[in-house]
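In case you want the letters, here they are:
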Amino acid sequence: MNLKGRDFLKLLDFTSEEIEYLVDLAADLKDKKKKGIPVDTLRGKNVALIFEKTSTRTRCSFEVAAHDLGMGTTYLDPSGSQIGKKESIADTARVLAGMFDGIEYRGYGQSIVEELAEYSKVPVWNGLTNEFHPTQMLADLLTIKEHFGYYKGIKLTYMGDARYNMGNSLMVTCAKMGMHFTACTSEKYFPEASLVEECKAIAATTGGSITLTEDVKAGTKDADVIYTDVWVSMGEPDEIWKERIHDLLPYQVNKAAMDNAGKNAVFLHCLPAFHDLDTKIGKDIQKRFGISEMEVTDEVFESEQSLVFEEAENRMHTIKAIMAATL
Ligand code: CP
Ligand code: NVA
């Protein structure tokens, strides 16, 4: 398997074998890190980390992984560069590619990261766009593999806004890996029809399947993985909270949903999560709408079935694998 020089923009660009290779490489790098065996094979290289939206996990994962691999990093924060304001994406790509060996980009439209990659002669990695969050997918697959030992046949139910980066990416991932994806949400939040069709066609070749349902009982029945994400994503206006709470509260991941899932079901969430009142936004929402938990109840979040912190750690090992494989 040779992925040298490849961009990592969305999983649709990769074969199932390539995805599996990256997850297995991450597992190996994780094992080595736990044993204290250094893997600093990219000494002397440098990577640029562009964040037009905020981040905890993705930024820290790229920084720690790059340092572990022996590389230097430069972080460009949401306001601290010329990108998009005084300088185009095409020009930025050519400037940064002259100084760095790889470029991570988190921002808005997928077309921006695609353009960055088109004009960059070094690999570009998508650290989240409105449409896709591919680095998160490798962490989720590693977590599923560690827990269940396999992906094929796993039933994953996604509850919440399935039209956005997480719903789209999980649907693609399940299709590619022969898993059964269910979007369990109000019809308004179903993924875009053309992507659904594309994923159904992929799933037909891998043994996976794609289901869209508004029925919580049917959608969560016997699921192996119940997955959710915030109801309002970065970059969306504050005014939509009211509508989202109204529409998505029936699809909150709570004990009833977990109890209806498979006996050994686990809970995953890309994080950050609103499961209590220990955040500024959480408190504000409670004042405005009277609810203290949103997409997941604290009971589920803190339960034995919740693998969210293992999943978060796996962001680092999988991002390390992407850089090690493409550089
Ligand atoms: N899951 C995730 O991408 O987290 P951050 O926004 O903290 O990077
Ligand atoms: N849908 C979320 C994912 C955060 C990791 C967002 O885009 O804000």
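About the cut-offs
- Residues numbered from 1 in each chain as written.
- Chains lettered and ligands numbered in written order.
- Predicted model: local features only at pLDDT ≥ 70, side-chain atom pairs only at ≥ 80, totals over all residues.
- Heavy atoms only, no water.
- Near = heavy atom within 4 Å.
- Polar contact = N/O pair within 3.5 Å; in protein donor to acceptor, adjacent residues only side chain to side chain.
- Areas by Shrake-Rupley, 256 points an atom, 1.4 Å probe, with all protein chains shown as cover.
- Nonpolar A, V, L, I, M, F, W, Y, C, P; charged D, E, K, R; others polar.
- Helix = DSSP H or I, 4+ residues; strand = E, 2+ residues; numbered from the N terminus.
- Buried < 20%, exposed > 50% of the residue type's maximum accessible area, 1.4 Å probe, protein only.

*Asks:* Could you give me a rundown of the site of ligand 2, with the residues and numbers involved?
*Replies:* Around ligand 2 sit L128, H133, Y164, N165, D229, V230, S233, M234, C270 and L271, and that is every residue in its neighbourhood. In this structure, a nitrogen atom belonging to ligand 2 sits 2.6 Å away from a side-chain N or O atom of D229. A distance of 2.7 Å is found between a nitrogen atom of ligand 2 and a side-chain nitrogen or oxygen belonging to S233. Contact with the protein chains removes 95% of the 270 Å² of surface that ligand 2 exposes when unbound. Partitioned by chemical class, the residues of the shell around ligand 2 number six nonpolar, three polar and one charged.

*Asks:* Any chance you could break down the site of ligand 1 for me, citing the residues and the numbers?
*Replies:* The local shell around ligand 1 consists of S55, T56, R57, T58, R106, H133, Q136, C270, L271 and R315. Within the side chain of T58, an N or O atom sits 2.7 Å from an oxygen atom of ligand 1. For ligand 1, a nitrogen atom lies 3.0 Å from a polar atom in the side chain of Q136. Summarising the interface, the protein chains cover 95% of the accessible area of ligand 1, which totals 250 Å² for the free molecule. When its residues are assigned to classes, the shell around ligand 1 shows two nonpolar, five polar and three charged.

*Asks:* Run through the environment of E114, naming residues and quoting values.
*Replies:* The residue E114 is located in helix α4 (residues 110-119) in this model. Classification of E114 as partly exposed rests on a relative accessible area of 27%. Distance from E114 to V124, taken between C-alpha atoms, is 8.7 Å for residues 10 residues apart in sequence. Side-chain polar atoms of E114 contact the side chain of K10, separated by 3.0 Å.

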